[in-house]
Amino acid sequence: MGARYFRLIFCLAGILNSPLCFSQLPAKPCTPKAVNGDFEQPVVLPSCWTDFTSPTVSGWNTTATDNMIEMWDGACMGVPPYLGKQFAELNANMVSNLYEDICTPCPNIVTWQFAHRGRLGTDVCNLKAGPLGGPYTILKTASDGNTAWGFYTGTYNVPPGQTATRFLFESVSAAGGDTTYGNFLDAVDYTFSGLNIITANQSNATCGNNNGSASVTVNTGTPPYTYLWSPGGGTNAVATGLGPGTYTVVVSDAGGCSTTDTVTITSTGSITATASSSTICAGQSTTLSASGGNNYSWSNGATTSSITPAVTTNTTYSVVVSAGGCVDTAFATVTVNPTPKVYLGTDQAICTGQNITLDAGNPGASYLWSTGATTQTISISAAGNYWVIVGINNCLGKDTVATFIAPEAHLLDSSLCTISPIILDPGSGATSYLWSDGSTTETISVDVAGSYWVEVMYGNCKSSDTANVTGQEGGGSLYIPNAFTPNADSINEMFMAKGTGIISFNMSIFDRWGNLIFTSKDISTGWDGKVTGGGPDMNGQSNITAQEDVYVWVIDYTTECKPLAAQKLIGRVSVVK
């Protein structure tokens, strides 16, 4: 089965406010007034902003190819709405336009208004108007910075024959250069002048006689007016001699506009009471309507034709309907279906390379996850916000959980040569810490070279790392004695340098005539007093013990703290026998 089949089954199962279902709806028809001009519906999810598909946003359409409309919560990034709690941004994921199609069945003067604000700087947009599909006329170019809302108003003359008018907000430019930014919009509204409103009144017939009457009053338009009642009733503002039934009046003015209204004449001699029943979800309200008379008396004490009771359980209401002494009773039942309770748990960490299972509960229900899955449970391994909608008997429950990949502990190898002490920090936000020295704090201070490990817990996820600390505070040091006794008594037999933090070493020893008699490139290899290159005092001999004298040594070395800066020392050592 294809994705469309599952989508159809899902929608038929009652998840009717899902974006998955709305994406199948046709384009919105024109409306007689501004709808959702403050962008209060749908409600932005618990985040800074939310992208909604166009069919889920009442009244509004977009030219964006991905059909997304971006709406902001008033608490987001310090930008207050101009009106209400939310506002829209013209550019969701691309440069695009938002528009409404307003019904204008006869010539009208439309007074428009809107508020505009920049996001990252000065943004510019146009308000255009015209027939559906264009061409459009620019009514206003709004240019505003990101520190305050600009408010604009003006009028538009609807040409004759233009029964629907598109008011289109066009994104012209936005500061910052990002095509997903720019042009906040709020407080959109339209008012009309023309033949739009009539008030109809009626006097009911008595016990089925043709003695009822109806009248109509025109509130706006261009006089004089003409009237046509049907069926019957004449061509005046007041129709008389009416029996029980429904009558329609067509009112036209001198400007060529017309409108209709209906009135119902009831009989006071014989009535039939009717009342509507309703099925709702827990927490919702419903309106029960009764008809058939002039007076109504509900079992909850109400005396209006319609009631909106607060209902928590299945309840049946009775209504007594009367007119001119005629009485009848009807019954209306409210059936309350429970709303699914959905809880995905608290926000949680995901260990690297592992999966967690999210369970929406409510076995046997219909499901829609943010991943597109339609099962009760899903297995995830990536960070993100995951939501699920659960449907039972046309009632919906929803919950959202945030997941994040638990960070890995990370320590840097360091040298005490550059700074001491060294602060080792594997990263913040962990549940607990355990160091190789037994510490349980986030950081430890180190002033001794060595290897230091840490284990951290992020929720149930464990991570560890090791830092190698080398060198010592102040750098390397070198000590050279000034005498030794190579006389085979096993005491002070070797001339040898000692040091710490030494990474390269080269020692040369010369006799008083400048002859090189010993070399060593290893600090652990010293001079045992033997001459390896005989000078004049040795009669050209080699590998013999040097005579008592003072000898010159030259040492070139580098340290861990200054591995590229060679240092040179020159001194004397005495051979004593």
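What you are looking at is a predicted structure, and each value in this text was computed from that prediction instead of being measured.

S.K.: With reference to specific residues and values, describe the overall build of the chain.
M.R.: Secondary structure assignment for the chain yields two helices and 45 strands. Counting over 577 residues, the chain shows a buried share of 39%. In the chain, the proportion of contacts linking residues at least 24 apart, taken out of those at least 6 apart, comes to 56%. When the accessible surface of the chain is split by element, carbon and sulfur atoms take 52% of a total near 28600 Å².

S.K.: Can you break down the state of the cysteines residue by residue, with the values?
M.R.: One pass over the full model with this rule turns up four disulfides. One disulfide in the model links Cys48 with Cys76; its S-S distance is 1.5 Å. Residues Cys48 and Cys76 are joined by a disulfide whose S-S torsion is about 65 degrees; by sign, that bridge is right-handed. Here the residue Cys48 occupies a position in the loop between helix H2 (19-22) and strand E1 (49-53), and Cys76 occupies one in the loop between strand E3 (68-73) and strand E4 (86-89), the gap between them amounting to 28 residues.

S.K.: Can you break down the sheet that holds strand E29 (residues 384-392) residue by residue, with the values?
M.R.: Pairing between the strands of a sheet comes from backbone hydrogen bonds, and it takes one of two forms, parallel or antiparallel. Pairing within the open sheet is mixed, and its four strands lie in the order E25-E30-E29-E27. On the outer flanks of this sheet lie strand E25 (348-350) and strand E27 (366-369), each paired with one strand and no other. Across the sheet, the mean angle from the axis of one strand to that of its neighbour is 30 degrees, orientation sign disregarded. As paired elements, E27 and E29 share four bridges and run antiparallel to each other. By the bridge assignment, Leu368 is partnered in E29 with Ile389.

S.K.: Requested: an account of the side chain of Arg166, with residues and values cited.
M.R.: Along the polypeptide, Arg166 turns up in strand E10 (residues 164-173). Of the polar contacts made by the side chain of Arg166, one reaches the side chain of Asp101; its length is 2.7 Å. Leaving out residues up to four positions away in the same chain, Arg166 has contacts with Tyr99, Glu100, Asp101, Lys128, Ala129, Gly130, Pro131, Leu132, Gly133 and Tyr136.

S.K.: Describe the packing of aromatic side chains, listing the residues and the values that go with them.
M.R.: Remark: the centre distance and the inter-plane angle together describe each pair of aromatic rings, the angle taken between the planes. Applying the stated criterion to the full structure yields 18 aromatic pairs. For the ring pair Phe87 and Trp149, a centre distance of 5.5 Å and an interplane angle of 80 degrees mean the geometry is edge-to-face. Here the residue Phe87 occupies a position in strand E4, and Trp149 occupies one in the loop between strand E8 (137-144) and strand E9 (150-157), the gap between them amounting to 62 residues. In this structure Trp149 comes out as buried when scored by relative accessible area, which is 15%. Among the aromatic residues, ring-to-ring pairing joins Trp49, Trp72, Tyr82, Phe87, Trp149, Phe151 and Phe184 into one connected group. Across the ring face of Tyr181, the terminal group of Arg119 is positioned such that the distance to the ring centre comes to 3.7 Å. Above the plane of the ring of Trp387 lies Lys398, whose end atom (NZ or CZ) is 4.8 Å from the centre.

S.K.: Can you tell me about the sheet that holds strand E2 (residues 61-62), naming the residues and giving the values?
M.R.: The antiparallel open sheet is built from five strands, whose spatial order is E2-E5-E10-E7-E8. Of all the strands in the sheet, just E2 and E8 have a single pairing partner and so form its edges. Taken together, the two bridges between E2 and strand E5 (residues 97-103) define a ladder with antiparallel strand orientation. The residue of E5 that forms the bridge with Thr62 is Leu98.

S.K.: How would you explain the nonpolar core if you had to name every residue and give the values?
M.R.: Ranked by size, the top nonpolar core spans 27 residues in total, and within it Trp60, Phe114, Phe169 and Tyr190 carry the most contacts. Broken down by secondary-structure element, the contributors of at least two residues to this core are E3, E5, strand E6 (109-117), strand E7 (123-131), E9, E10 and strand E11 (184-193). When near neighbours in sequence (up to four residues on either side) are disregarded, Phe114 contacts Leu127, Lys140, Ala142, Gly150, Phe151, Tyr152, Phe169, Leu185, Asp186, Ala187 and Val188. Formed by 20 residues, the second largest nonpolar core is a distinct cluster that contains Leu411, Leu424, Tyr452 and Val454.

S.K.: Report on the side chain of Ser54, specifying residues and quantitative values.
M.R.: Examined against the element boundaries, Ser54 turns out to sit in the loop between E1 and E2. Assessed through its relative accessible area of 3%, Ser54 is described here as buried. Ignoring anything within four residues of it in the chain, the contact list for Ser54 reads Lys28, Trp60, Asn61, Thr62, Asn67 and Ile69.

S.K.: With reference to specific residues and values, describe the pairing of E6.
M.R.: Across eight bridges, the pairing between E6 and E9 is antiparallel. Residue pairing in the sheet places Thr111 in a bridge with Thr155 of E9. Alignment of E6 against E11, held across eight bridges, turns out to be antiparallel. Among the inter-strand pairings, Ile109 is bridged to a residue of E11, identified as Ser193.

Cut-offs applied
- Residues numbered from 1 in each chain as written.
- Predicted model: local features only at pLDDT ≥ 70, side-chain atom pairs only at ≥ 80, totals over all residues.
- Heavy atoms only, no water.
- Helix = DSSP H or I, 4+ residues; strand = E, 2+ residues; numbered from the N terminus.
- Buried < 20%, exposed > 50% of the residue type's maximum accessible area, 1.4 Å probe, protein only.
- Contact = heavy atoms within 4.5 Å.
- Areas by Shrake-Rupley, 256 points an atom, 1.4 Å probe, with all protein chains shown as cover.
- Disulfide = S-S within 2.5 Å.
- Pairing = 2+ DSSP bridges.
- Axes fitted to C-alpha atoms, helices over the stretch in contact; angles between N-to-C directions.
- Polar contact = N/O pair within 3.5 Å; in protein donor to acceptor, adjacent residues only side chain to side chain.
- Phe/Tyr/Trp six-rings, centres within 6.5 Å; stacked < 30°, edge-to-face > 60°.
- Lys NZ or Arg CZ within 6 Å of the ring centre and 35° of its normal.
- Core = buried A, V, L, I, M, F, W, Y, C linked by side-chain atoms within 4.5 Å.

All quantities given are derived from atomic positions and should not be read as evidence of function.
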